Each structure stands twice: as structure tokens, then as C-alpha cells.
Amino acid sequence: MFDDSSIIVGLEIGTSKVCAVVGERNADGSLNVIGLGQARSRGVRKGEIVDTTQAEEDVRNAIVEAEQMADVEIRNVYLGVTGAHIRGFNNRGVHPVVSADREISEDDVQDVVKNAKAINLPTENNVVHAIRQHFFVDGQDGVTNPVGMLGSRLEVDVHVVHGRTNRLQNAIRLVKGLQLEVDEIVFNGLASSLALLSNEQKELGALVIDIGGGTTDYVVYTNGVIRHTGVLAIGGDHVSNDLAYGLKVPLSRAEKLKLEFGSALVDEETKGQTITITNELGLPLKTVNVEHLRRIMSLRLEEIFQLVGQDLEQAGLFNYLRAGIFLCGGCARVPQIAPLAEQVLQMPVSLGQTNSVSGLKSALDQPEFVTAIGLVKFGSFKTRKREGKPSLAQGIKGALSSLLRRS
Amino acid sequence: MKTKVQASAAFLEPAKAPAVKIFGVGSAGVAMLDTLNGGDFAGAGFVAINTDASSLAASSAAIKIQLETKLLRGLGTGGDPERGRAIAEEQFATLKTACDGADVVFVVAGLGGGAGSGISSVLARAAKEAGALVLAFVTLPFACEGNRRQQQAQQGLDQLKSVADGVICLPCQKTFKLIDENTSVLDTFRITDGLLVESVCGIWRLLTRKGLIRIHFDDLCALLRDRHSESVFACVEATGPARAREVVEKLVAHPLLDEGRALAESSAVLVSLMGGKELAMAEVNRVMEQIGRQCEHAQIIMGAAVDETLKNRLSVTVIAAKQGPVPMELPPLAASGDSVEQVTPRGIMARPGSRCGSSAPSLTSEQREQILAKNAGTRARKTGPKMRQAQLPLAIISKGRFDKSEPTIHKGEDLDIPTYVRRGVALN
Ligand SMILES: Nc1nc2c(ncn2[C@@H]2O[C@H](COP(=O)(O)OP(=O)(O)OP(=O)(O)O)[C@@H](O)[C@H]2O)c(=O)[nH]1
Ligand SMILES: Nc1ncnc2c1ncn2[C@@H]1O[C@H](COP(=O)(O)OP(=O)(O)O)[C@@H](O)[C@H]1O
Ligand SMILES: [Mg+2]
Ligand SMILES: [Mg+2]
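Residues numbered from 1 in each chain as written. Chains lettered and ligands numbered in written order. Predicted model: local features only at pLDDT ≥ 70, side-chain atom pairs only at ≥ 80, totals over all residues. Heavy atoms only, no water.

J.: Any chance you could explain the nonpolar core here in plain terms?
T.: Within soluble globular proteins, side chains that are nonpolar generally end up buried alongside one another. Residue and element names in this part refer to chain A. Residues L11, I13, V22, I74 and L79 are the most contacted members of the largest nonpolar core, which totals 67 residues. In contact with I74, not counting residues within four places along its chain, are V9, V22, I63, A66, E67 and L180. Counting 50 residues, the second-largest nonpolar core is a separate cluster that includes V249, I277, V334 and I337. (Core = buried A, V, L, I, M, F, W, Y, C linked by side-chain atoms within 4.5 Å. Buried < 20%, exposed > 50% of the residue type's maximum accessible area, 1.4 Å probe, protein only. Contact = heavy atoms within 4.5 Å.)

J.: Quick question: what am I supposed to make of the pattern of salt bridges here?
T.: Pairs can form between side chains of opposite charge whenever their charged atoms are close. Scanning all chains against the criterion turns up 31 salt bridges over all chains. Its salt-bridge partner being K46 of chain A, residue D416 of chain B comes within 2.9 Å of it at the nearest N-O pair. In this pair, D416 of chain B sits in the loop between β13 (413-414) and α18 (419-422) while K46 of chain A sits in the loop between β4 (44-45) and β5 (48-49), so the two residues belong to two different chains. By relative accessible area, D416 of chain B is classed as buried at 2%. What makes K46 of chain A buried here is its relative accessible area of 4%. Salt bridges linked by common partners bring D242, R300, E302 and E303 of chain A together with E413, R422 and R423 of chain B together as one network. (Salt bridge = Lys/Arg side-chain N within 4 Å of Asp/Glu carboxyl O. Helix = DSSP H or I, 4+ residues; strand = E, 2+ residues; numbered from the N terminus.)

J.: Sorry, what's going on with the site of ligand 1 here?
T.: Residue and element names in this part refer to chain B. Near ligand 1 there are 21 residues, and of these T77, G116, E145, R149 and D193 occur at the shortest range. Taking S27, its main chain carries an N or O atom lying 2.8 Å from an oxygen atom of ligand 1. Contact distances for ligand 1 include 2.5 Å between an oxygen atom and a backbone N or O atom of G116. Its free accessible area being 640 Å², ligand 1 has 97% of it covered by the protein chains. At the level of secondary structure, the elements contributing two or more residues to the shell around ligand 1 comprise α2 (26-37), α6 (115-129), α8 (185-208) and α17 (385-390). Class assignment for the residues of the shell around ligand 1 results in 6 nonpolar, 10 polar and 5 charged. (Near = heavy atom within 4 Å. Polar contact = N/O pair within 3.5 Å; in protein donor to acceptor, adjacent residues only side chain to side chain. Areas by Shrake-Rupley, 256 points an atom, 1.4 Å probe, with all protein chains shown as cover. Nonpolar A, V, L, I, M, F, W, Y, C, P; charged D, E, K, R; others polar.)

J.: Please clarify how the site of ligand 2 should be interpreted in this entry.
T.: All names here are of chain A. With respect to spatial proximity, 19 residues lie near ligand 2, and among them S16, K17, E255, K258 and G330 are the closest. Side-chain polar atom of E255 to an oxygen atom of ligand 2: 2.5 Å apart, as the coordinates give it. Between an oxygen atom of ligand 2 and a main-chain N or O atom of C331, the distance comes to 3.3 Å. Bound to the protein, ligand 2 loses 90% of the 580 Å² it would expose on its own. Secondary structure elements with two or more residues in the shell around ligand 2: α6 (236-247) and α7 (251-261). Considered class by class, the residues forming the shell around ligand 2 number 3 nonpolar, 9 polar and 7 charged.

J.: How do you make sense of helix α12 (residues 281-294) of chain B when you look at a structure like this?
T.: The α-helix advances 3.6 residues per turn, and as a result positions three or four apart in sequence lie on the same side. All names here are of chain B. Helix length check: α12, at 14 residues, gives a terminal C-alpha distance of 20 Å against a target of 20 Å (1.5 Å per residue), a fit within 8%. Among the residues of α12, those classed as buried are E283, V284, V287, M288, Q290 and I291. Down the axis of α12, the sector holding all buried residues measures 165°, keeping them to one side. For α12, exposure combined with an orientation more than 90 degrees from the buried face picks out E289 and R293. Tucked inside the fold, the buried residues of α12 contact α10 (243-252), β9 (268-275), β10 (299-306) and β11 (314-321). (Expected span 1.5 Å × (residues − 1). Arc of directions from axis to C-beta.)

J.: Where do I start with the interface of chain B and chain A in this structure?
T.: Across the contact, 25 residues belong to chain B and 25 residues belong to chain A. Surface buried jointly by chain B and chain A totals about 2,200 Å² across both partners, of which 52% is contributed by carbon and sulfur atoms. Of all residues in chain B, the largest losses of buried area upon contact with chain A belong to R401, F402 and Y420 of chain B, amounting jointly to 29% of the total for that side. In this structure, R167 of chain A and E406 of chain B form a salt bridge, with 3.1 Å as the shortest nitrogen-oxygen distance. Taken together, chain B and chain A are joined by 13 residue pairs in polar contact (both at pLDDT 80 or more). Counting residues per element, the side of chain B that touches chain A draws most heavily on α18 of chain B, which supplies 4 residues. Across the side of chain B that touches chain A, the residue classes break down as 10 nonpolar, 8 polar and 7 charged. (Buried area = accessible area lost by both parts, 1.4 Å probe.)

J.: I tried to follow the state of the cysteines on my own but got confused; where do I start?
T.: Defined simply, a disulfide is a covalent bond joining two cysteines at their sulfur atoms. All names here are of chain B. This structure, assessed with the given rule, holds 0 disulfides over all chains. Left without a disulfide partner, C235 is nearest to the cysteine sulfur of C201, which lies 7.7 Å away. Residue classification places C235 among the buried residues on the basis of a relative accessible area of 17%. (Disulfide = S-S within 2.5 Å.)

J.: Would you take a moment to explain the pairing of strand β2 (residues 45-50) of chain B for this structure?
T.: Along any regular strand the residues' side chains alternate between the sheet's two faces. All names here are of chain B. The buried count for β2 comes to 6 of 6 residues, which makes it a mostly enclosed element. With 5 bridges joining them, strand β1 (residues 20-25) and β2 adopt parallel strand pairing. Within β2, the position partnered with I22 by the bridge is F46. Handedness of the crossover joining β1 and β2 through α2 is recorded here as right-handed. In this structure, β2 lies alongside strand β3 (residues 63-66), joined through 4 bridges in parallel fashion. Note that in β3 the partner of N50 across the bridge is Q66. (Pairing = 2+ DSSP bridges. Right-handed = clockwise from strand over helix to strand, strands pointing away.)

J.: Where do I start with the packing of α6 of chain B against helix α7 (residues 147-163) of chain B in this structure?
T.: When two helices pack together, you describe them by how their axes are tilted relative to each other and by the distance separating the axes. Residue and element names in this part refer to chain B. With their axes 8 Å apart at the nearest point, α6 and α7 run at an angle of 5° to one another. In terms of orientation, α6 and α7 fall into the roughly parallel class. Facing S117, S120, S121, A124, R125 and K128 of α6, the residues of α7 in contact are Q152, G156, Q159, L160 and V163. Residues that form the contact of α6 with α7 fall into these classes: 3 nonpolar, 6 polar and 2 charged. (Axes fitted to C-alpha atoms, helices over the stretch in contact; angles between N-to-C directions. Parallel < 35°, antiparallel > 145°, perpendicular 65-115°, else oblique.)

This is the structure:
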């Protein structure tokens, strides 16, 4: 058995699967994945719980499996959240430095951060993250630690991710109903980006796109900090649904065809190819045109990238992604998806690799598990901060704790 | 083909009534203009503008302007608003002449295609330069018409908003609530036509009828101008002793007002009441009180007028506007200040009435011949733009897996519908 305090669990209640990843933090701060549990998800659509009974059962199964594999008892989880209601924006806090010598103190920093986080959200919304970006001292930007600098005006940018309180609470309540504590809720896209990106990539500027079953979550980093987050309520379910409609087959069949014959690009050689669908007895039921199948898929996936592209264009971030684009989520498995994304976004695209986590090879290599691994990583950052000085990050926890309590 | 304004009925109107010209732009706009032309718009000038000769040929408008360059060969803009815009710029002088003599210009168009989206804002600018106030009535495409049309429409709308004094915008998608699944495409468009026409009528009456309480046109423009999300409108009627209560009930239940939610959320509401001779102030008050309760956060502008032809009907037009996010580029305020002056009674009376009669655009005989030739030559063409519209898969697609979840709507487009369907990609 392990010392409890070193165990960190990430739980993603996804649209396609529920998965729990158990991580162990070594004395040197490195992370080791020691358990993984998963269950097919039946109570979630577009990233949000629609059937509590089913979802509860699926979460329970995933947790039990993870407990068995890791041989630990799970009591707390970092819970991933997503859904169309989740939004991100940047906010600036301003604080005049009043000390006689104009030297910026720790208190000034705390105050300016507090100002930046004092955000007027509609009452039905709740902050999920308020992440510090950079400081400005008398308008000069790019300051990472202003303490000790001289100046009269201190400013800071924070990236705020927020969502509808009641929709966030649905997931929290469900987990609590299973006698589990929620350490924190974390936006899935943020978790995935933590799992995939190195500090250098964050510094250079990168986009992570997690295309799951019901949502596409994305996060942009520039100059080492989170700049932009977004959720599109479109995912692999849409691909399957389009196929079911276009090929006139049941959804379950469409899903199978997608996995077996799918591709993000339509190449010449598939022209005219057909697949014969047979029933249990092997008798032919129907033939499906492979070109049509791929055309339908390709158009849907292309649109997802176009929508993300338009959003980044609008945010003016397109020219800052010098490390490129990284894909994860189950749909990253679609053959040729990276070349399609490159065509649309005109930038190098690759499949993301989980970064600086070791342990179960089977878990680490799967694009579906990136979010849950990222949740563990998020948890480990938080634990590290808590163990060190009482950091600014506590403030976020404070803002959240009321949400967690109320659920 | 008529090339003169219908009649000089405008002369007979009391001097106070502003001279109104109604322009239909693009195929949808021209079609909607025809629907309007049947109604009661005594004194208004009707002008149809399109690049597409067959659409103009079918129009009953008194004045038809075909914007044409050799390149187009009467075939329209090919759906590209940039071309529509370019031709309109080229013929700017013609457009301006066409607006001559009007105090108020209505621009009616279906945004999304090349002509309506491209030409409307140029026309609006020409009308402003000719000294008129400009109010645009436009539709946005159905979600299933696809992304490109939506984007073109949005762009056209933004351009219009930056020049016109007011824009009333009806997203076609909203009318889905009003129709059952089996309605044909053309009937669906008839319904949108009908709704847009209602709002034109509502505002027309507001401007031209003797008012118990007159709405100033500048109030109306101010209401529409600074609200950059769409304005929604509804027009309802009731008769009988309980008509005051009934109109409010109908308004609150109106699908275009999102079952009353639009009223509750709006920041400004314009209410225009219209009744027969016996319309009484007490009744007006009763209606206003109840509407006021529905829109607590709104600034309310109201007007009431008598229209004898309504007899015992009470008709209420409501325009509700929401304060949207302020766009990056605001039209300069000075410009709007100028235009407001034009509607003061002084400004209007200063215009010699006779100018209304001579407002035919000064086309050279050569140009006119050209138009005539074009129209004659293309009348027989079968594949007009409407035919193409008719093939759009408007049938409502079962949402399959997403039946029970919140629809994924992006800029008015329902993304749960397969992409290939929305983009009109044919398999086979
Ligand atoms: N209300 C109404 N809307 C229409 C009608 N026909 C088309 N529309 C809508 O108007 C939009 C613009 O279509 P058109 O008016 O045909 O296009 P256009 O402006 O003539 O441009 P081009 O034909 O591309 O040069 C379409 O996207 C439809 O949403 C109609 O008869 N009535
Ligand atoms: N090889 C594949 N080809 C196409 N789609 C795939 C493949 N593998 C997984 N998917 C799709 O990925 C989606 C699941 O991704 P995942 O990240 O697990 O979603 P979620 O986190 O929402 O549960 C499903 O829609 C599934 O069909
Ligand atoms: Mg996921
Ligand atoms: Mg046309």
C-alpha cells in the first residue's frame, strides 16, 4: 500500500468512456501512473451528464477497476469537466503601488491578483479556473515575478475559465454521491494540455485539441501561459451520427464502420470501393460506399478544425503557435487526421504524446486517456504548491470551495 | 414594363408624411417587394434591384434596375457578395439617383446570396448620400443553407448596420417554429416573406398615419441603431371587446418573441398601436401597461395611430432590441446626428412635393434598352435561383443521437445536422 498523500486520482466522465487514472507522486516530485480503470459511458451526451443512474454506475465501475489495479482505496479525485457552457476569457487586474519607496512587495502582488480575479460573472456562472498570466510594471509587459521591482502601477492578466454553476454541480454531485471527495474541478482541455505540452512548447506557443466523443476541447498557450480556451459541442458522436444518416445504417453499425474503415481524407484509391455488410449468419445486408463514408467523415472533421481555426483567428492567436498543434482524444486515432488538420490550419500538426509521466505503458500511449493523466498532473502541481509556500493558487481553491461545498 | 412611379399619389398625402421608397434587393428582396406591392402603401415608390434579369422580369415593381456588367451576362453574381458589391459601387450614381426625392428608404433583402448581401449596404450608403433615412429589413439564411451563406449574410448584415439608420433582421431559422415539417421550401419562404412584410407595414403605418401619439422617426432609428444584436419584431391583431388583453396574450405567445422571453430580455422596445376610428387613449394605456410588465428592463418607445381601414381591429407592432456586444467599429456618431435632422417636419416640408413624381432613376435610353433586352432574353430560363433553393434539404432531419441534448448552435447554424448535408455535398 502507498502513503495516501502521494496518491492523486484523475477522473474524466467522458461522453464515450469514464476513466479514472491513479498516479503516485514520488519523493522527487516525479509522477508514476499505477492504475487505470475505465467503463463505457452511457449517461453522458456532449460532455454533460444526462442520465445520473447510468453515469453513477459507470463511474463506480471505473473507480473500482482503478482501485484494484493500483491497490489503493480512492477517496479524492480531481474531476474533469467540459460542455458547451464552458468559456474562457482574459481579464486584467490593476493595483497602484503605494509604498513610499515604490518597491513592489508580495502584498502588492497578492492584491493585484485579487483584483484581476474579481470578476463580474452572471450569478448562474461559476469560475472554474483563474490562471495567472504575466505581470506588467508601469506598462512594461512580460514580467513573471515583480516582487522587488520598482514601479508605481502593477497590473496582471489572468485567464478565467467559467461555466454554468448548476451544470458543473451535476458532475460534482454525482461523484460525491459515491462517497468520493472532489479535490478540484478542472477543465478537460486544460488537463489534456498539461499532459501533452512541455514547458518549452508552452513557451513557444502551442494549441492542443482534444476531440472526444461529444466535445472538442482546446487550449492555447503562448509565452508559457494559457491564453485561450474553448469548447465545441461536437465530437466523434457527430461523425458516427453523420455516417448513420448518410449511409442509412443504424448508429451502432455506423460506429463500427467508422472504426474499421474511417479516414479523415478521401484518397483516390477508395473511389468505387464498397464494403458489404453482413448479418450474423454472414448473409449480405447492404453495401456501403467507402468513398462516401470517408467524405462524410472528412467534411465533419474538417469543419471542427475550421471552427477552431476561426476562433483562434478571431482571438488573434494564429501567428503565435510556433510549437504547432497537438491532437488527442479518441478521434486523434482517425487515420490521416493530422494531415487533414494541417490542410485546414496550415500549420504542423502531430498526435500528442504524454509528457514527463511514467508508469503503465498501456495507459500512457492512448489518446483517450490524456485528459485523465492531465488531471493527475494538475493534482500533482497543486499538491506541490500546497506543500511549498502558501501560494497564490490558494485563492482559486477558495473561489471554488464554495461551489464544491454547495454541491 | 413600367418605368415610371405608379402614380403621383404622394402629392395627395398630407405634406407631413415623408416620401418613402421601398427597394427590393437580390432575388429574395425582389420577391418580397412583390408581396409588399400588393399591400396598402399609397404613395410609396417601389424599386427592384438585382443582377439577375429573370428575377426582375417577374417583378411588378414600378422601377427595375438591373446592375449589370458584361462579365455577368445576366447570370447573377454567382453567389459572391464581393461581385455584388463591386457592381453596385460601379453603378453608385444610378443607385443614388434612384433614391432621389425620398425622405425614407426601406431596403428589403434576403442576405446570404451575392446580390442581396453585396448590394444592400452600397445602396444604403447611396440613399444616405441622397439625403434619405435608411431602414433595412433583412432575413438571414436557414441554418441548413450552410456555413458560407451564413457567413456572407453576417458580413452583409454588419456592413448594413454600419451605414443604415436601422436594421431589422429576421433569421429564417426562427420561422421553423411557425411551420410544420412538411411545408415546402417555397411556402417556408412565403412565411418569412410574410413576417418581414408585416414589419415593413408596421413601420410604414407608424410613419404615415395620423398619430394619436407620434413616434419620431429618429427615436425609431436611435432604438435600432445602437443595438448590435438583432432586433426581433412581431405584429399581432385582435378584435372584440377583449382585444386589448388579447393582443398582449398573443404577443407573449408569439414564437418570434421566443414566447415572451425576447421582451423580458430586451433593453429597448418600440410599440406601435393601430386601431380604427374609435381607438381610445384608455385602451392604449391598458395595452401599454401590460406590455410594460413584460419588459421590465427595457426603455419603451410607443406610438399610437388611427387607421380607419382597420375598422374594429386593434393591431400592435412590437420591435424589441437587445443591447449586443459593441462591435469593433462604430459608425461615426456625427453622421447619425446629421441624418436625424432630415426627418424634422421642417426638413421634410422643405422638399418640393413634385420631386416625388420625378424620382425615376435617370437611366439613359441606351441603358434602358439594355435592360429591356436582357429581360426579354432571359425570361424563359428555368434554373432561376429559387429553383436551386428548392433543392436544399430543408426537411428537418431527425437528430438521432442528439435528440435529447441541447442543440449545438454556432452562429445560427445547427451543427448537429451532418456537415455534408449543410454544405449541400451530394453523395453519388
Ligand atoms: N423570404 C425569402 N427569402 C428568400 C427567398 N429566396 C431566397 N431567400 C433567402 O435569401 C437569401 C439570399 O438569396 P437570393 O436573394 O436568392 O440571393 P441574391 O441576393 O439574389 O444573390 P445571388 O443570386 O447569389 O446573386 C437566401 O440565402 C435565402 O435565405 C424568398 O423567396 N423569400
Ligand atoms: N480508431 C478510431 N477511429 C475513429 N474514431 C475513433 C477511433 N477510436 C476512437 N474513436 C472515437 O473517439 C471518441 C471517443 O474519444 P474519447 O476521447 O474517449 O471521448 P470522451 O472523452 O468524450 O469519452 C468516440 O467518438 C470514438 O468513436
Ligand atoms: Mg474526453
Ligand atoms: Mg439572385
